[in-house]
Amino acid sequence: MFDLDGTVTAQETLPAIAKHFNVLDEINDLTRQTIEGRIPFVEGFIRRINVLKRFSVAEVNHALEDIKLHKMLVEFINSYSSNCRIVTGNLDCWVASLLTNVSCAAETSKAVVQDDRLESVSSIINKADVVLKYQQVGYQVVFVGEGNNDAEAIRVADIGVAFGAVHWPSASVMQVASHAIFDEDELCRFLRQLL
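Only a predicted model underlies this, so the values are computations on that prediction, with no experimental measurement involved.

1. Thoughts on the sheet that holds strand 1 (residues 85–91)
Strand pairs in the sheet, formed through backbone hydrogen bonds, run parallel or antiparallel to each other. Read from one edge of the open sheet, three strands run 1-2-3, paired in mixed fashion. Each edge of the open sheet is held by one strand with a lone partner, namely strand 1 and strand 3 (117–123). Going across the sheet, the axis of each strand differs from the next one's by a mean of 40°, ignoring polarity. Here five bridges tie strand 2 (residues 105–114) to strand 3, and the two strands are oriented antiparallel to one another. Bridge assignment links Lys110 to a residue of strand 3, and that residue is Ser123.

Encoded structure:
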């Protein structure tokens, strides 16, 4: 299982969307407050969504068209798509076009969209619950991520990988990961050894 932002993508998507719509300072402030623990993660996520929901879903997808992906990692995922999942807190409607580059299934937060506008968030994914769901039916789970919202999934996974190719993994991830990898090629080699 792979986090999307900063793991499969070679940059974070939310700042790219915010920059596209000239609301980067506002999004960065909310992100900083969330990282510093002054706003709980879910509240920070909802606040950031509320800033961006005034833009059309199609425009948001368009803003993500040029997001760089980790090419070797995407090739790995596409080669072993039946064994891979993207697990992202990002909204399904916003990352739909981005995910067309990756041929595995994705578990996302869900939104209600009407007339190309985000009406509401219907569910926010709990990544650890996704890991547990697959473990309960017999899968051994490797979770690869780097952000605070990946920490619990990495902790409950059979193998948890802190991936630091875009930025240093969060302290919470580094505390619970069984492995830390900072190079895309090295990550792909490691994952192939587990197959």
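2. Topic: the sheet that holds strand 4 (residues 142–145)
Taken in spatial order, the three strands make up an open sheet running 4-5-6, and their pairing is parallel. Each edge of the open sheet is held by one strand with a lone partner, namely strand 4 and strand 6 (179–181). The sheet shows a mean angle of 20° between the axes of neighbouring strands, taken without regard to direction. Note: strand 5 (residues 159–163) against strand 6, three bridges, orientation parallel. What sits directly across from Phe163, in strand 6, is Ile181. Helix-sheet contacts for helix 11 (residues 184–194) involve strand 4, strand 5 and strand 6, and the interaxial angle to strand 5 is about 170°.

3. Some thoughts on unusual backbone geometry
In the Ramachandran plot, Asn22 falls in the positive-phi region, its phi being about 60° despite a non-glycine side chain. Considering the arrangement of structural elements, one finds Asn22 in the loop between helix 2 (13–20) and helix 3 (24–35). Phi at Asp116 is positive, roughly 65°, even though this residue is not glycine. Among the secondary structure elements, Asp116 is positioned in the loop between strand 2 and strand 3. When its relative accessible area of 32% is taken as the criterion, Asp116 is described as partly exposed.

4. Observations regarding the nonpolar core
One recurring pattern in soluble globular proteins is that nonpolar side chains are buried together. One finds Phe2, Val8, Leu73, Ile77, Ile86, Trp94 and Leu191 to be the most contacted residues of the largest nonpolar core, which totals 47 residues. Counting residues in each nonpolar core, the second largest holds 16 residues, with Ile125, Ala151, Val156 and Ala157 among its members.

5. Examining a negative patch on the surface
Taken together, Glu59, Asp115, Asp116 and Glu119 make up a surface patch of like negative charges. Here Glu119 shows up in strand 3.

6. A word on the pattern of salt bridges
By the definition in use, this model includes six salt bridges. When the shortest N-O distance is used, the salt bridge between Asp150 and Lys127 registers 2.5 Å. Here Lys127 lies in helix 8 (residues 127–136) and Asp150 lies in the loop between strand 4 and helix 9 (151–156), a separation of 23 residues in the sequence. Exposure class is identical for Asp150 and Lys127. Each is buried.

Rules behind the numbers
- Residues numbered from 1 in each chain as written.
- Predicted model: local features only at pLDDT ≥ 70, side-chain atom pairs only at ≥ 80, totals over all residues.
- Heavy atoms only, no water.
- Pairing = 2+ DSSP bridges.
- Helix = DSSP H or I, 4+ residues; strand = E, 2+ residues; numbered from the N terminus.
- Axes fitted to C-alpha atoms, helices over the stretch in contact; angles between N-to-C directions.
- Contact = heavy atoms within 4.5 Å.
- Buried < 20%, exposed > 50% of the residue type's maximum accessible area, 1.4 Å probe, protein only.
- Core = buried A, V, L, I, M, F, W, Y, C linked by side-chain atoms within 4.5 Å.
- Patch = residues over 30% accessible without salt bridge, like charges linked within 9 Å, V, L, I, M, F, W, Y side chains within 5 Å.
- Areas by Shrake-Rupley, 256 points an atom, 1.4 Å probe, with all protein chains shown as cover.
- Salt bridge = Lys/Arg side-chain N within 4 Å of Asp/Glu carboxyl O.
- Lys, Arg positive; Asp, Glu negative; His and termini not counted.
- Charge placed at Lys NZ, Arg CZ, Asp CG, Glu CD.

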